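Structural characterization, general
Here are the chains, one letter per residue:
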Amino acid sequence: MERREFLQKGALALAGTAAFSSDLFAAKKEKHVVGVQLYSIREDMKKDPLSSLKKIAEMGYTHVEHANYIDRKFYGYSAKEFRKILDDLGLKMPSGHTVMGKKHWDETTKDFTDSWKQTVEDAAICGQKYVISPSLDISMRKDLEQLKYFMDVFNKSGELCKKSGMKFGYHNHDFEFSLKLSSIKVYDIIMQNTDPSLVAQQLDIGNMYGGGGRAADLLKQYPGRFELMHVKDEIKSATEHIGWESAILGTGVIGVKDIIDMGKKSGGTTQFIIEQESYQGKAPLDCMKEDLAIMKKWGY
């Protein structure tokens, strides 16, 4: 083979390899997870967590998100025990909800308490990638400078989680959009004072609705900031204090498919966690089965 021909063929082969690698990278980048927030079946989990998790796995779910961590136990099981239960059922738990409050930060030592360090340690044992705080102390919602200070604690929690290969995160409700401090929405204060490399945002697209928040607007305002999303729909409610309650996906006002498509395309979202807290007379487990079928129909 002449040198020129050899070089041309070599260049073509290299280009093909580069394109192949690029395709692999793109595929990896687009990979997403669909899971269920176990708070959706909270009464079932309270009565019989093992049977409930088995039913969730049989429906076709492969990922779950916990909402019960008390005294170093997940639904009554130690981190190692719960990890084995999940493994045996073919389930993974990339995220979980544990409120981080003022009691977890020691002002004297300027360090986290053992309680919060243990929370992070147990999350890592369970295989979590995200440690999500699902609310904010009421005491933190009264003063702008105090909230900014606590956002720095959020960043420090991100640094702590990073040491264990995880990321800290925050999950919104409705008050972040209805409440302002010094004329600034609480949610904007959170977004503007947390480091995206340390603190992930889990956008609950349903919770915010009653407080005036709209997911599409936020995805445009803060592109790439929402690594996780609570997939939820909302209908009018006569009993809930914010006037809305969650329902089967696609039956409410949220426009769920458009929002999750936006999240996947430009929001940086890879974790889509189904959550339904009200059931309109149906069994919670039946709702979870129906919600998953709808997500699959939408291509997720």
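Everything in this summary refers to the structure shown in the same document. Quantities reported herein were computed from a predicted structural model and do not represent experimental measurements.

1. Describing the overall build of the protein
A tally of regular secondary structure across the protein gives 11 helices and 16 strands. A compact globule built from 300 residues would reach a C-alpha radius of gyration of about 19 Å, and the protein, at 21 Å, matches this within 12%. Overall, the protein is about 80 × 50 × 40 Å in size when its C-alpha atoms are taken along their principal axes. Per-residue burial over the protein gives 48% buried out of 300 residues. In the protein, the proportion of contacts linking residues at least 24 apart, taken out of those at least 6 apart, comes to 75%. Just so you have it, the protein exposes about 14900 Å², and 52% of that area is on carbon and sulfur atoms. In the protein, which carries 43 positive and 42 negative side-chain charges, the distance between the mean positions of the two groups comes to 4 Å.

2. What to know about helix α4 (residues 79-88)
Within α4 the residues assigned to the buried category are Ala79, Phe82, Ile85 and Leu86. Viewed end-on, α4 has its buried residues packed into an arc of 125°, placing them on one side of the element. The outward face of α4, more than 90 degrees from its buried face, is lined by the exposed residues Lys80, Lys84 and Asp88. Lining the buried residues of α4 we find α3 (49-59), β2 (63-66), β4 (73-74), β5 (92-97) and α5 (114-125).

3. As for the pairing of β5
β5 sits mainly inside the fold: 5 of its 6 residues count as buried. Where β2 and β5 come together, 3 bridges link them in parallel fashion. Paired with Glu65 across the two strands is Ser95, which belongs to β5. Pairing analysis gives 3 bridges linking β5 to strand β8 (residues 130-133), with the strands arranged parallel. Among the inter-strand pairings, Ser95 is bridged to a residue of β8, identified as Tyr130.

4. Quick look at the environment of Tyr300
Its place among the elements puts Tyr300 in the segment after α11 (284-297). Judged by relative accessible area, which is 13%, Tyr300 ranks as buried. Residues Tyr300 and Ile260, 40 residues apart in the sequence, show an inter-C-alpha distance of 9.5 Å. Not counting residues up to four positions away in its chain, the partners in contact with Tyr300 are His32, Val34, Ile260, Asp261, Lys264, Phe272 and Met295.

5. Re the pairing of strand β1 (residues 33-37)
With 5 of its 5 residues buried, β1 lies for the most part within the structure. Every second residue of β1 is oriented toward a common face, with Val33, Gly35 and Gln37 on one face and Val34 and Val36 on the other, all of them buried. In terms of strand pairing, β1 meets strand β16 (residues 271-274) through 4 bridges, oriented parallel. Opposite Val34, over in β16, you have Phe272 as the bridge partner. Pairing geometry for β1 and β2, over 2 bridges, is parallel. Bridging from a neighbouring strand, Val36 pairs with Val64 of β2.

6. A word on the nonpolar core
Inside soluble globular proteins, nonpolar side chains tend to come together where they are buried. Ile56, Phe82, Leu203, Met288 and Met295 are the most contacted members of the largest nonpolar core, which has 52 residues in total. Considering every element that reaches this core, the biggest residue donor is α11, with 6 residues. In contact with Met295, other than residues within four places in its own chain, are Val34, Val231, Leu249, Ile260, Phe272, Ile274 and Tyr300. In terms of nonpolar packing, the next biggest core, distinct from the first, is built from 27 residues, Ala123, Val131, Val153 and Cys161 among them.

Definitions and cut-offs
Residues numbered from 1 in each chain as written. Predicted model: local features only at pLDDT ≥ 70, side-chain atom pairs only at ≥ 80, totals over all residues. Heavy atoms only, no water. Helix = DSSP H or I, 4+ residues; strand = E, 2+ residues; numbered from the N terminus. Rg over C-alpha atoms; globule rule 2.2 N^0.38 Å. Buried < 20%, exposed > 50% of the residue type's maximum accessible area, 1.4 Å probe, protein only. Contact = heavy atoms within 4.5 Å. Areas by Shrake-Rupley, 256 points an atom, 1.4 Å probe, with all protein chains shown as cover. Lys, Arg positive; Asp, Glu negative; His and termini not counted. Charge placed at Lys NZ, Arg CZ, Asp CG, Glu CD. Arc of directions from axis to C-beta. Pairing = 2+ DSSP bridges. Core = buried A, V, L, I, M, F, W, Y, C linked by side-chain atoms within 4.5 Å.

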